[in-house]
Amino acid sequence: MNKARQKGTVGENTILHLLIEWGHKDVKRTSASTESHDIWLGDTGVTVEVKYRKAWSLFKWIARIRDVSDDNKWVIFAIHGDRRSTVGKQVDKVAVMDADFAAELLMVWRHQLDKANGVTLTP
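The following refers to the structure shown. What you see is a predicted model, and the numbers here were worked out from it, not measured in a lab. Each chain has its residues counted from 1, following the order in which its sequence is written. Reporting in this predicted model follows two pLDDT cut-offs: at least 70 for local features of residues, and 80 or more for side-chain atom pairs to be given and counted; totals over whole chains, interfaces and linings ignore these cut-offs and use all residues. The side-chain quantities take in all heavy atoms of the structure and omit both hydrogens and water.

Observations regarding the nonpolar core
Only buried Ala, Val, Leu, Ile, Met, Phe, Trp, Tyr and Cys residues count toward a nonpolar core, and they belong to the same one when joined by side-chain atoms within 4.5 Å. Using a 1.4 Å probe on the protein chains alone, a residue whose accessible area is under 20% of its type maximum counts as buried, one over 50% counts as exposed, and one in between counts as partly exposed. Counting 14 residues, the largest nonpolar core has I15, L19, I39, V48 and F77 as the members making the most contacts within it. Looking at this core, the elements with two or more residues in it are helix 1 (3-21), strand 2 (39-41), strand 3 (47-53) and strand 4 (74-80). Contacts: residue pairs with any heavy atoms within 4.5 Å of one another. Discounting residues that sit within four places of it in the chain, I39 has contacts with E12, I15, L16, L19, V27, K28, R29, T30, V48 and V50. By size, the runner-up hydrophobic cluster in this structure holds five residues, among which are W61, I62, I65 and W74. Here a strand is any run of E in DSSP of at least two residues, a helix any run of H or I of at least four, and the numbering for each starts at the N terminus.

Quick word on the packing of aromatic side chains
Aromatic contacts are taken between Phe, Tyr and Trp rings whose centres are within 6.5 Å, Trp giving its six-membered ring; a plane angle under 30 degrees counts as stacked, one over 60 as edge-to-face, and the others as tilted. All told, the structure shown has zero aromatic pairs when counted by the stated rule. Lysine NZ or arginine CZ positioned within 6 Å of the ring centre and within 35 degrees of the ring normal marks a charge as sitting over the ring. The lysine or arginine in question, K28, covers the ring of W40, its NZ or CZ lying 5.3 Å from the ring centre.

Quick look at the sheet that holds strand 5 (residues 93-97)
Pairing between sheet strands relies on hydrogen bonds along the backbone, with the strands arranged either parallel or antiparallel. The rule for pairing is simple: two strands pair if DSSP sees at least two bridges between them. The mixed open sheet is built from five strands, whose spatial order is 1-2-3-4-5. The open sheet has two free edges, formed respectively by strand 1 (27-29) and strand 5, since each of these has just one partner strand. Sheet twist, expressed as the mean angle between neighbouring strand axes with direction ignored, is 25°. Inter-axis angles, ranging from 0 to 180 degrees, are taken between N-to-C directions of lines fitted to C-alpha atoms, where helices are fitted over the stretch in contact. Taken strand by strand, helix 2 (residues 58-68) contacts strand 3, strand 4 and strand 5, and its axis lies near 150° from that of strand 4.

So this is what it looks like as structure tokens:
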């Protein structure tokens with residue numbers, strides 16, 4: 001296995017374990033031939049791509065993942081390729097997603113917080 005592919009595998013496994021830790025028990029890595037879709041996130045329909053690089057060029061990745069995702073429900077997990085450097089330690093892992101999908105997730109999160117705090121939403 002070449003070095004770039006090995007690094008990609010490490011990144012995918014890092015995100016896979018992160019998702020499992022957060023309760024996504026039915027996640028798995030997809031085959032290497034699956035275009036812009038590294039992790040299967042159960043039956044959610046969310047397309048998950050992982051990038052483990054020192055330099056990120058998000059625009060081409062976003063265009064590619066939009067082509068393969070359903071209803072713009074996608075996320076790119078980006079991991080800084082040099083986590084020993086100061087910048088790499090600060091950046092570490094981040095997620096980039098479609099803005100509408102992010103707004104939807106934030107609203108779901110807000111409803112959960114309101115419910116946990118006993119807040120009743122009025123129509």
